[in-house]
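Remarks on the overall topology
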Amino acid sequence: MDIIVCIKRVPQTSEAEVKIDSTGKDIVKDRLTFDTNESDTYALEQAVLMKEKFGGEITVISLGEEDAEDTLRIALAKGADNAIRIKAEDFDELDAFQTSQILKTVIKDLSYDIIFAGCIATDDAYSQIGVTLAELLEIPHAALVIDFDVNENRADVHRELEGGLIEHLDISLPALFTIQTGINEPRYASLIAIRRAAKKEIQIIGKDELQQSEFISNSVLEELYVPPISKQVELLDGTAAESSSKLAGIFKEKGLV
Amino acid sequence: MSEIYILIEHRQNEIRDISYELLACGRKLAEEHNSTVTAVILGYNTEKIVEKIESQAHKIMVFDNEVFKEFNAETYQIALADLIQKNNPFLFLIGHTAFGMDLCPALATQLNIPFTTDCLDVEISENKLRVVRHMFDGKLAAKVLLRENPSYMLTIRAGCFPAAESNLKTEIEKLDSLVSETPDYRKFLEYIEAVAGDVDITKSDIVVGIGRGIKEQDNLAMIEEFAASIGGVVACSRPIVDADWLPKDRQVGSSGKVIKPKLYIAIGISGAFQHVAGMKGAETIVAINKDANAPIFHEADYGIIDDLFKVIPVLKEKIAEL
């Protein structure tokens, strides 16, 4: 069973200060750390689990700049067999729709039974590339997959709905699935595997090598800004003892504890 | 400007709250631009759903067929693509929900309609359509301009357009669908309900929520002790469940539980909108987080910007001294 996994290298912003750069359309990245997008690590792990069960090859693909090769090498170390980087530096700004179309032009000629993608990228948070890619490739899909197995060329899929409810589906392959976090326990790459992956070749595809040169854009990001604060928080400052004391006082005053 | 269509979302015979919010969003835009709102329902035995939204839209279009009993992105896509191609609405609004995320990108791509997802606000001027959405873990907002086109499709985040009363005169139109059976390539089998655990976090007056900031599973004990000392229960955000440190029934958020306690203390939780959707109804919200830019501080009544490992033991003592 051949599997393609779409992965993205993203800045880790959940616990970092995020500043807007001078263009007003991007963030200052030099003090941020970068890593594989969270749900993509679960997508890769699901691919490795399927390969362990059914055999076949895993190809990881990323549309990114040169440093995306680090991310691809980690995927190789974790069990992917082939890696492809499409050179993001060959393009001007790309929106999610253009990214989907570029991925399609490369993936359509590859061998696959399953395509996995993360359900959301933590940087731009669109949650649209996987499902768009499935439509462009004219294959079935399911988004937000939280449990996954294959029986006789059909996927047995649990999709996560609101409120903890699960939608149980039966989908024919080939198909694309966007993977939700928590579906499995992503493994760490061993040091030996990382060393071995460092020597593996990554296939690099430039814009000129694509069969298509124009990719229609759906949207343009005009500006980034700090969201207005809807509710004014009362900050309790001072040392831990002082702030705790103030909070305990508020709890008492309001009869909360 | 031609019409605004919204997709009514329902599940297990119940209309979903997002439907009322989409109707409110649609009516607001229709009023601003002298347009009309059409609600589209795909379902089976839809009388109750139609009744509930009557007067909320200028028109309701109903595809009532057993094939639409449960949501299926593939059957929905076939029926809606046909409807949109025939009627060319200016704007088609879908919830940014588990259903909407599964449907919108494929439907809009098939129709070659510019679309975007997870919108908090929509602005239309001179046929140009702009949306506001959040990026980078909710720390920044973005204004996004869509490619100019006679029609657009958007998914709208829950909680951005409050449901409202309305008394429109509603025309109801029943339509026959192109789809009469579920395609073999995607079959709905069943819904699986979440298993109830030992603690029901929706029943407690005091809930202590923990997130990524807790760092290690071993640190849970400290939080359990703190929660017990103030008569509360421990709940969490998604990463804690993903790591298997707490069971799924302790998760607060859109894919977990919605809680409305008297007091919610968010500890080491950044405040992703999916989490906020589950706790914003709490009467008093306290956030303790060392990241001053964490979006949770936009939701909290009281905040402490500090290391939770320093604050929690002292806070426990201070409360005990009261």
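Residues numbered from 1 in each chain as written. Chains lettered and ligands numbered in written order. Predicted model: local features only at pLDDT ≥ 70, side-chain atom pairs only at ≥ 80, totals over all residues. Heavy atoms only, no water.

Counting residues in each nonpolar core, the largest one holds 46 residues, and the members touching the most others are Leu91(B), Leu129(B) and Leu154(B). At 7 residues, the largest contribution of residues to this core is made by helix α1 (residues 17-32) of chain B. Contact partners of Leu154(B), with chain neighbours within four places excluded, come to Leu91(B), Phe92(B), Leu93(B), Ile94(B), Thr116(B), Cys119(B), Val122(B), Leu129(B), Val131(B) and Leu146(B). Counting residues in hydrophobic clusters, the runner-up holds 39 residues, among them Val131(A), Ala73(B), Ile94(B) and Ile113(B). (Core = buried A, V, L, I, M, F, W, Y, C linked by side-chain atoms within 4.5 Å. Buried < 20%, exposed > 50% of the residue type's maximum accessible area, 1.4 Å probe, protein only. Helix = DSSP H or I, 4+ residues; strand = E, 2+ residues; numbered from the N terminus. Contact = heavy atoms within 4.5 Å.)

Below, the discussion takes up the domain arrangement of chain B. All names here are of chain B. Domain assignment breaks chain B into domain 1 (4-175) and domain 2 (201-321). Centre-to-centre, using C-alpha coordinates, domain 1 lies 34 Å away from domain 2. Of the residues lining the interface, 7 residues belong to domain 1; the matching set on domain 2 comes to 6 residues. In total, about 430 Å² of surface goes out of reach between domain 1 and domain 2, with carbon and sulfur atoms giving 58% of it. (Domains from an automatic or database assignment. Buried area = accessible area lost by both parts, 1.4 Å probe.)

Tallying each qualifying case throughout the model produces 12 aromatic pairs over all chains. Plain terms: the ring middles of Phe148(A) and Phe177(A) are 4.8 Å apart, the flat faces sit at 65 degrees to each other, and that makes the pair edge-to-face. Taken as a pair, Phe148(A) in strand β7 (residues 141-151) and Phe177(A) in strand β10 (residues 175-179) lie far apart in primary sequence, 29 residues in all. For the residue pair Phe148(A) and Phe177(A), the accessibility class agrees, reading buried in each case. With centroids separated by 5.4 Å and ring planes inclined at 75 degrees, the aromatic side chains of Phe90(B) and Tyr152(B) adopt a geometry described as edge-to-face. Here the residue Phe90(B) occupies a position in the loop between α3 (73-87) and β6 (91-95), and Tyr152(B) occupies one in strand β10 (residues 152-156), the gap between them amounting to 62 residues. We classify Phe90(B) as buried; its relative accessible area is 3%. Among the aromatic residues, those joined into a ring-pair cluster are Phe63(B), Phe68(B), Phe71(B), Tyr76(B) and Phe99(B). Stacked on the ring of Tyr126(A), the Lys or Arg Arg133(B) has its end atom at 3.7 Å from the ring centre. Its guanidinium or amino end placed over the ring of Phe273(B), Arg157(B) lies 3.4 Å from that ring's centre, counting from NZ or CZ. (Phe/Tyr/Trp six-rings, centres within 6.5 Å; stacked < 30°, edge-to-face > 60°. Lys NZ or Arg CZ within 6 Å of the ring centre and 35° of its normal.)

The 10 strands lie next to each other as β11(A)-β5(A)-β4(A)-β1(A)-β6(A)-β10(A)-β7(A)-β8(A)-β9(A)-β12(B), forming an open sheet whose pairing is mixed. The strands lining the two open edges of the sheet, one partner per strand, are β11 (203-205) of chain A together with β12 (186-192) of chain B. Taking each pair of neighbouring strands and ignoring which way they run, the sheet shows an average axis angle of 30 degrees. As defined by bridge partners, strand β4 (residues 58-64) of chain A adjoins strand β5 (residues 82-87) of chain A across 6 bridges and the pair is classed as parallel. In the strand pairing of β5(A), Ile61(A) is matched with Ile84(A). Here helix α3 (residues 96-107) of chain A sits on the sheet in contact with β1 (3-6), β4, β5, β6 (114-118) and β11 of chain A, set at roughly 140 degrees to β4(A). Of the strands in this sheet, β1, β6, β7 and β10 of chain A are in contact with helix α4 (residues 129-137) of chain A, which crosses β10(A) at around 175 degrees. (Pairing = 2+ DSSP bridges. Axes fitted to C-alpha atoms, helices over the stretch in contact; angles between N-to-C directions.)

Turning next to the interface of chain A and chain B. It is common to give the size of an interface as the accessible area lost on bringing the parts into contact. Taken together, the contacts link 85 residues of chain A with 89 residues of chain B. At the junction of chain A with chain B, the criterion picks out 10 salt bridges. When the shortest N-O distance is used, the salt bridge between Lys248(B) and Glu160(A) registers 2.7 Å. Elements that contribute at least two residues to the side of chain A that touches chain B include exactly α1 (38-54), α4, β7, β8 (154-160), β9 (166-172), β12 (219-225), β13 (234-235) and α6 (240-253) of chain A. Element by element, the count of residues in the side of chain A that touches chain B is highest for α6(A), at 10 residues. Its residues assigned to classes, the side of chain A that touches chain B shows 40 nonpolar, 24 polar and 21 charged. Where β12(A) meets strand β9 (residues 140-146) of chain B, 6 bridges bridge the pair, whose relative direction is antiparallel. What sits directly across from Val220(A), in β9(B), is Leu145(B). (Salt bridge = Lys/Arg side-chain N within 4 Å of Asp/Glu carboxyl O. Nonpolar A, V, L, I, M, F, W, Y, C, P; charged D, E, K, R; others polar.)

Moving on, we get to a negative patch on the surface. Among the surface-exposed residues, Glu47(B), Glu51(B), Glu54(B) and Asp64(B) lie close enough to one another that they form a single negatively charged patch. Along the chain, the position of Glu47(B) falls in helix α2 (residues 47-53). (Patch = residues over 30% accessible without salt bridge, like charges linked within 9 Å, V, L, I, M, F, W, Y side chains within 5 Å. Areas by Shrake-Rupley, 256 points an atom, 1.4 Å probe, with all protein chains shown as cover. Lys, Arg positive; Asp, Glu negative; His and termini not counted. Charge placed at Lys NZ, Arg CZ, Asp CG, Glu CD.)

Bringing the sheet that holds strand β11 (residues 171-175) of chain B into the picture now. Strand order in the open sheet formed by 10 strands is β12(A)-β9(B)-β8(B)-β7(B)-β10(B)-β6(B)-β1(B)-β4(B)-β5(B)-β11(B), with mixed pairing between adjacent strands. Among the strands making up the open sheet, the edge pair consists of β12 of chain A together with β11 of chain B. The sheet shows a mean angle of 30 degrees between the axes of neighbouring strands, taken without regard to direction. Taken together, the 3 bridges between strand β1 (residues 4-7) of chain B and β6(B) define a ladder with parallel strand orientation. Across the sheet, the residue bridging to Tyr5(B) is Phe92(B), located in β6(B). Docked against the sheet, α3(B) engages β1, β4 (37-43), β5 (59-64), β6, β10 and β11 of chain B, running at close to 150 degrees with respect to β4(B).

Take the pairing of β8(A) next. Looking along a regular strand, one sees side chains alternate from face to face of the sheet. All names here are of chain A. Across the 7 residues that make up β8, a large majority, 6, are buried. Connecting the antiparallel pair β7 and β8 is a turn made up of 2 residues, with Glu152 showing a positive phi of about 45 degrees. As paired strands, β8 and β9 are joined by 7 bridges and run antiparallel to one another. Paired with His158 across the bridge in β9 is His168. What sits between the antiparallel neighbours β8 and β9 is a turn of 5 residues, in which Gly163 has the positive phi angle 70 degrees.

Time to look at α6(A). Between its terminal C-alpha atoms α6(A) stretches 20 Å, which fits the 20 Å expected from 14 residues at 1.5 Å a residue. Listed in full, the buried residues belonging to α6(A) are Ala240(A), Ser243(A), Ser244(A), Leu247(A), Ala248(A), Ile250(A) and Phe251(A). All buried residues of α6(A) fall inside an arc of 160 degrees around its axis, so they share one side. Seen from the open side of α6(A), the exposed residues pointing more than 90 degrees away from its buried face are Lys252(A) and Glu253(A). Elements in contact with the buried residues of α6(A): β15 (263-267), β16 (284-288), β17 (302-304) and α8 (308-321) of chain B. A positive phi of about 65 degrees marks Gly255(A), the residue just after α6(A). (Expected span 1.5 Å × (residues − 1). Arc of directions from axis to C-beta.)

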